[in-house]
Amino acid sequence: MRDIAMEVYEKMKVGSTAWIRPIAAKGDTVETFQGVHEQARQMADDGLISISTVKRQEDGLIDAIRILRLA
């Protein structure tokens, strides 16, 4: 499984925000994207990012996460 959260993090500058979303062209689906929330929470616990928004579909699955790069 790709580390989508880290891929987005590495492209960001300190202090910037970004949305993490599944990319169908890279084989991501909403179902496989659910693990990214755990990756992002671990990065937040490590002080690398702050999670500002988690968007969910009507069925409760996460389809986007907005993060702020801290370090």
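In case you missed it, the structure is sitting above this.
The rules we used
For every chain, the first residue of the written sequence is number 1, and numbering continues from 1 onward in sequence order. Predicted model: local features are reported for residues with pLDDT of at least 70 only, side-chain atom pairs are reported and counted for 80 or more only, and whole-chain, interface and lining totals are derived from all residues. With hydrogens and water stripped out, all remaining heavy atoms of the structure feed into the side-chain values. For two strands to be treated as a pair, DSSP must find at least two bridges joining them. Numbering goes from the N terminus for both helices and strands, where a helix is a DSSP run of H or I of at least four residues and a strand is a run of E of at least two. Fitted lines through C-alpha atoms give the axes, limited to the stretch in contact for helices. The angle between two N-to-C directions lies from 0 to 180 degrees. A contact between two residues is defined here by any heavy atoms of the two lying within 4.5 Å.

Chemist: Quick question: what am I supposed to make of the sheet that holds strand β3 (residues 62-69) here?
Modeler: With antiparallel pairing, three strands are arranged side by side in an open sheet as β1-β3-β2. Both outer strands of the open sheet, β1 (17-20) and β2 (49-56), are each paired with one neighbouring strand and no more. On average, each strand axis in the sheet is tilted by 20° relative to the strand beside it, whichever way the strands run. Two strands pair when backbone bridges link them, and β1 and β3 are joined in this way by four bridges, in the antiparallel orientation. When the bridges of β3 are listed, A18 appears paired with I67. The strands touched by helix α1 (residues 4-11) within the sheet are β1, β2 and β3, with β1 carrying the most contacts at an inclination of about 155°. In this fold helix α2 (residues 30-45) packs onto β1, β2 and β3, with an angle of close to 25° to the strand it touches most, β3.

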